[in-house]
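Observations on the model geometry
Letter by letter, the chains look like this.
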Amino acid sequence: MKRIRTNIAVALLLAVTVSSCSKEYLEKKPYNALPVEDAIQSEADLLIAVRGNYSGLRTIDLYGRTIPLLGDLMGDNTYQSVSNSNRYTQFNQFAQSIADGNALLMWSNAYSSILRSNNIINSNIQETPAIKTYKGEAYALRALIYFELIRFFAKPYTEAADAPGVPIVLNFNPTLKPGRNTVGEVYAQILADLNQAFSLLGDYFNSSRFSKLAVKALEARVQLSKGDKTAARAAALEVINSNSFTLVGADNYVAYWRNAAPLTNKLETLFEVSSDAVANLGFDALGNIYNQSGYGDFLCAPELFALYSETDVRRQLFEAGVRGGVPSIFVNKYVNIATDRDDTKVLRLSDVYLMAAEASVGTDDAAALSYLNAVATRRDPAFAGYSSSGNQLLEDILTERRKELAFEGQRFHDLNRLKRPITRSANAPAAARNIPYPFDKRILPIPQSEMDANPNMTQNGGY
């Protein structure tokens, strides 16, 4: 796989050593790169590799911007302003092509991250408690990235577990040209990696690194995406019943979002991708695509804003204004765009409660209501709580998920796993306001460069 080989070599500063020859002077190692066996020889080397792996998640087309943005833009939470910088225009129109640069870089950067994890996992160093933790983090990160790949580039598990997924690559092999594993096989690999991560990870460090409970939160999301409500509920309850993390309340909700630094107090955030005043994407950071002091291209759908009551604290993260001569609702969830940039939230305790609620519907509606109201009443102190059951309870949970996780990249994936149509704002392009399920462009294209380099690769339908 040409794109994978290139990214691994660059990302890890590794190189394939010169082929053996009878002349000793030809047997020289590259002066600007190291083979894997030389690059990772100690616990300290492994820690550097782990830090590099986390850092790689911050690239524009992973969690730096594209993954969280598309999760709302391709859903019904946001749309592109008429006054825009022409970023993600094809996605706003559901007209992305095989030459799309964001899809290409999401794919290539994801496999770069996977290969970083592989080199950490496969490193042959005498085991210490720290090394077990580093390898546990690598397993968790590999699972996370494969999960994002399978959700964007393949059909949902709930539609077709035997459909083409993405290639599973577990070792560095510069000659490999893998075909696509099935969706089911990729999910099995993700869950196997999460099990390994859970068995290896040690104590919680901070919100910018994976912990055991962050792994369980991700497992709940994966199982819910599969449609396995029993397994999703069990994983979510391991997090909730541990009483280790605390839901953020109405009194400190805005301050929570205004804080740009990783947390050590186990308040709400189980895992986030960290940026700071030095290590950040500058003007290309996620906040700038929403913030009116940045590009400000994407706005809150009025239908979403209307769901928040006047007393809902989440309403404070929006602002009414005018853009391009049109009344608009600005998204102020990410306001730290000058120095220390906002971290990208990936796993939050509120999401875990809402996953537990959804997974409990139909088997224990009372518990589902309890988990749902734990979030809803904290966000709106004037709200007495939901009292629904059955189908209406499920709809209330999904509405609360939309409100709580808005602009964190989950809405599109919720609609896909549930096989629901996407009804977008009247501000969206006319041809992209009602997206049925199924629809080819709800899946991203395999990049054309990957198709050209790998004869074993197959393209998604409609491209």
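Residues numbered from 1 in each chain as written. Predicted model: local features only at pLDDT ≥ 70, side-chain atom pairs only at ≥ 80, totals over all residues. Heavy atoms only, no water.

**What to know about the overall build of the protein**
Within the protein, the regular secondary structure consists of 19 helices and eight strands. For 463 residues, the compact-globule formula gives about 23 Å, and the C-alpha radius of gyration of the protein, at 22 Å, lands near that figure. Expressed as lengths along the three principal axes of its C-alpha atoms, the size of the protein is roughly 80 × 45 × 45 Å. Scored against the burial criterion, the 463 residues of the protein give a buried share of 57%. At a minimum sequence separation of 6, the contacts of the protein that also span at least 24 residues come to 70%. A total accessible area of about 18100 Å² is found for the protein, and carbon and sulfur atoms account for 51% of it. Placing the 47 positive and 48 negative side-chain charges of the protein at their respective mean positions leaves the two points 3 Å apart. (Helix = DSSP H or I, 4+ residues; strand = E, 2+ residues; numbered from the N terminus. Rg over C-alpha atoms; globule rule 2.2 N^0.38 Å. Buried < 20%, exposed > 50% of the residue type's maximum accessible area, 1.4 Å probe, protein only. Contact = heavy atoms within 4.5 Å. Areas by Shrake-Rupley, 256 points an atom, 1.4 Å probe, with all protein chains shown as cover. Lys, Arg positive; Asp, Glu negative; His and termini not counted. Charge placed at Lys NZ, Arg CZ, Asp CG, Glu CD.)

**Points about the pattern of salt bridges**
Two side chains bearing opposite charge may form a pair once their charged atoms approach each other closely. With the rule as written, the count across this model stands at 29 salt bridges. Here Arg-323 makes a salt bridge to Asp-297, at a shortest N to O gap of 3.6 Å. Of this pair, Arg-323 sits in strand β4 (residues 318–323) while Asp-297 sits in the loop between α13 (286–290) and β3 (298–300), and the two are 26 residues apart along the sequence. As far as the burial class goes, Arg-323 and Asp-297 line up, both buried. Among the salt bridges present, the one from Glu-310 reaches Arg-315, with a minimum N-O distance of 3.4 Å. The exposed category is assigned to Glu-310, whose relative accessible area is 67%. A relative accessible area of 21% places Arg-315 in the partly exposed class. In this structure, a network of salt bridges that share partners links the residues Glu-268, Asp-312, Arg-314, Lys-333, Arg-348, Arg-379, Glu-400, Lys-403, Glu-404 and Glu-408. (Salt bridge = Lys/Arg side-chain N within 4 Å of Asp/Glu carboxyl O.)

**Concerning the packing of helix α10 (residues 212–226) against helix α11 (residues 229–241)**
Running from amino to carboxyl end, α10 crosses α11 at an angle of 160°, the nearest separation of the two axes being 8 Å. It follows that α10 is roughly antiparallel to α11 by the angle criterion. Crossing handedness for the pair α10 and α11: left-handed. The residues of α11 that touch α10, namely those facing Leu-213, Lys-216, Ala-217, Glu-219, Ala-220, Gln-223 and Leu-224, are Ala-231, Ala-232, Ala-235, Ala-236, Glu-238 and Val-239. Residue classes in the contact of α10 with α11 are distributed as nine nonpolar, one polar and three charged. (Axes fitted to C-alpha atoms, helices over the stretch in contact; angles between N-to-C directions. Parallel < 35°, antiparallel > 145°, perpendicular 65-115°, else oblique. Left-handed = near helix turned anticlockwise from the far one by under 90°. Nonpolar A, V, L, I, M, F, W, Y, C, P; charged D, E, K, R; others polar.)

**Considerations on the nonpolar core**
Counting residues in each nonpolar core, the largest one holds 132 residues, and the members touching the most others are Tyr-146, Leu-149, Phe-153, Phe-210, Leu-270 and Phe-271. Examining the composition of this core, we find that 15 residues originate from one element, helix α8 (residues 129–153), more than from any other. For Leu-270, the contacting residues outside a window of four places in its chain are Ser-207, Arg-209, Leu-213, Ala-214, Ala-217, Val-239, Phe-245, Leu-347, Arg-348, Leu-349 and Val-352. (Core = buried A, V, L, I, M, F, W, Y, C linked by side-chain atoms within 4.5 Å.)

**With respect to the packing of helix α16 (residues 365–379) against helix α17 (residues 390–404)**
Where α16 meets α17, the axes come as close as 11 Å, and the angle between the chain directions of the two elements is 30°. As the angle between them shows, α16 and α17 are arranged roughly parallel. Of the two possible hands of crossing, α16 and α17 adopt the one that is left-handed. Within the contact between the two elements, α16 uses Asp-365, Ala-368, Leu-369, Leu-372, Val-375, Ala-376 and Arg-379 and α17 uses Gly-390, Leu-393, Asp-396, Ile-397, Glu-400 and Glu-404. Residues belonging to the contact of α16 with α17 are distributed by class as follows: seven nonpolar, one polar and five charged.

**Observations concerning the packing of aromatic side chains**
On inspection of all chains with the given rule, the structure shows 22 aromatic pairs. Arranged with centres 5.4 Å apart and planes meeting at 40°, the rings of Tyr-308 and Phe-318 form a pair that is tilted. Taken together, the positions of Tyr-308 in the loop between α14 (302–305) and β4 and Phe-318 in strand β4 put the pair 10 residues apart, joining distant regions of the chain. By the ring-pair criterion, three or more aromatic residues cluster together here, those being Tyr-256, Trp-257, Tyr-290, Phe-305, Tyr-308, Phe-318, Tyr-334 and Phe-407. The residue whose ring lies beneath Arg-209 is Phe-205, and the NZ or CZ to ring-centre distance is 4.7 Å. We note Lys-345 situated over the ring of Trp-257; from NZ or CZ to the ring centre the distance is 4.9 Å. (Phe/Tyr/Trp six-rings, centres within 6.5 Å; stacked < 30°, edge-to-face > 60°. Lys NZ or Arg CZ within 6 Å of the ring centre and 35° of its normal.)

**Structural notes on the pairing of strand β6 (residues 344–348)**
Taken across its five residues, β6 has five buried, putting it largely inside the fold. Where strand β2 (residues 269–273) and β6 come together, four bridges link them in antiparallel fashion. Each residue of the ladder has a partner; that of Thr-269, found in β6, is Arg-348. (Pairing = 2+ DSSP bridges.)

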